Amino acid sequence: FSDYTRKRRFVQLPEGSAIRYRATGPFAFPVGARLVKTFAMPADLREPAGEERLLETRILTRTEEGWSASVYAWDAAQADAELEPVGDIVPLSWTHDDGSQRDQRYVIPTVNDCAACHSVGGALRRLRRPRGEGSSLPPAVSQRRRHPP
């Protein structure tokens, strides 16, 4: 759950490369691979194809040393996103499924928050676990996401 946001996910691989499956441990991504996720807040949850506000784009880039995280916050004009390594809080107003107006403070994570929640490759394996085995978020992050300050 990501505070009712919509997410767009992309994988970019260097030309001629592939992701290798391993029976144990994380998948093997080639150097130069990028995992991209953009978060957007719908103006009205009752309108799936309606207007939305771009909030942030997270990029994980595979380097020789491992994974490097970058977080970008979208500007008010929705035309460009700026690197936001220390995180931010974005005030939002939107309409819930029941028609009520909601206000919230959306938390854009710091670069370090990415590492606290994700182990790339291992996270993909968790997608196959049976339901009910609990959240993959550490408790402190899970609580912060649901109840921002």
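Here, the structure is the one placed above.
In this report, the structure presented in the accompanying data block is examined. (Residues numbered from 1 in each chain as written. Predicted model: local features only at pLDDT ≥ 70, side-chain atom pairs only at ≥ 80, totals over all residues. Heavy atoms only, no water.)

1. Here's the deal with the overall build of the protein chain
We count it as follows: For the purposes of this entry, the term helix denotes a DSSP run of H or I that reaches at least four residues, the term strand denotes a run of E that reaches at least two, and both are numbered from the N terminus. Burial here depends on accessible area, computed with a 1.4 Å probe over protein chains only, as a share of the maximum for the residue type. Under 20% is buried, over 50% is exposed, and the range in between is partly exposed. For this analysis, residues touch if any pair of their heavy atoms sits within 4.5 Å. For the accessible areas, the method is Shrake-Rupley and the probe is 1.4 Å, while residue cover comes only from the protein chains on display.
In terms of helices and strands, the protein chain carries 3 helices and 7 strands. Mapped from its N terminus to its C terminus, the protein chain presents α and β elements in the order β-β-β-β-β-β-β-α-α-α. Looking at the 149 residues of the protein chain, the share that counts as buried comes to 35%. Across the protein chain, contacts joining residues at least 24 apart in sequence account for 52% of those joining residues at least 6 apart. Only carbon and sulfur atoms are counted for the fraction: they give 53% of the accessible area of the protein chain, which is about 9,300 Å².

2. Looking at the side chain of Asp-113
Rule in force here: As used in this structure description, the phrase polar contact means that two N or O atoms lie within 3.5 Å; if the pair is within protein, one of them must be able to donate a hydrogen and the other to accept it, and residues adjacent in sequence are counted only when both atoms belong to side chains.
Along the chain, Asp-113 turns up in helix α1 (residues 111–117). A distance of 3.0 Å separates the side chain of Asp-113 from the backbone nitrogen of Thr-110, its partner in a polar contact.

3. A few points about the environment of Leu-35
Looking at the element boundaries, Leu-35 is found in strand β2 (residues 34–42). The class for Leu-35 is buried, based on a relative accessible area of 19%.

4. Considering the sheet that holds strand β3 (residues 52–63)
Short version of the rule: Two strands qualify as a pair provided DSSP detects at least 2 bridges between them. Helix axes are fitted only over the stretch in contact, all axes being lines through C-alpha atoms; the angle between N-to-C directions runs from 0 to 180 degrees.
What the 5 strands build is an open sheet, ordered β1-β2-β3-β4-β5; its pairing is antiparallel. At either end of the open sheet lies a strand with only one pairing partner, and these are β1 (6–12) and β5 (81–83). Ignoring strand direction, the axes of neighbouring strands in this sheet form an average angle of 25°. When β2 meets β3, the two strands line up antiparallel, connected through 9 bridges.

5. Topic: the nonpolar core
The nonpolar side chains of soluble globular proteins are, as a tendency, buried together. Our working rule: Residues enter a nonpolar core if they are buried and are Ala, Val, Leu, Ile, Met, Phe, Trp, Tyr or Cys, with the set joined through side-chain atoms within 4.5 Å.
In this structure, Phe-39, Met-41, Leu-45, Leu-55, Val-71, Ala-73, Val-90, Leu-92, Trp-94, Tyr-106, Ile-108 and Cys-114 together form the largest nonpolar core, which totals 12 residues. Residue assignment for this core shows that the elements contributing at least two residues are β2, β4 (66–74), β6 (88–95) and β7 (101–108). The greatest single-element share of this core, amounting to 3 residues, is contributed by β6. Those residues in contact with Met-41, other than ones at most four positions away along the chain, are Asp-3, Tyr-4, Thr-5, Glu-52, Arg-53, Leu-55, Leu-92 and Trp-94. Phe-27, Phe-29, Ala-33 and Leu-35 belong to the second largest nonpolar core, which has 5 residues in total.

6. A look at the pairing of β6
Side-chain positions along a regular strand alternate between the two faces of the sheet. When β6 meets β7, the two strands line up antiparallel, connected through 8 bridges. From the neighbouring strand, Thr-95 faces β7, where its bridge partner is Gln-101. Counted between consecutive antiparallel strands, the loop separating β6 from β7 contains 5 residues, among which Gly-99 sits at a positive phi close to 90°.

7. Considering the side chain of Glu-56
Tracing the backbone shows Glu-56 in strand β3. On the basis of relative accessibility, which here comes to 0%, the residue Glu-56 falls in the buried class. Within polar-contact distance, the side chain of Glu-56 engages the side chain of Arg-58 at 2.8 Å. Apart from residues no more than four positions distant in its own chain, Glu-56 is found in contact with Lys-37, Thr-38, Phe-39, Val-71, Tyr-72, Ala-73, Trp-74, Tyr-106, Val-107, Ile-108 and Pro-109.

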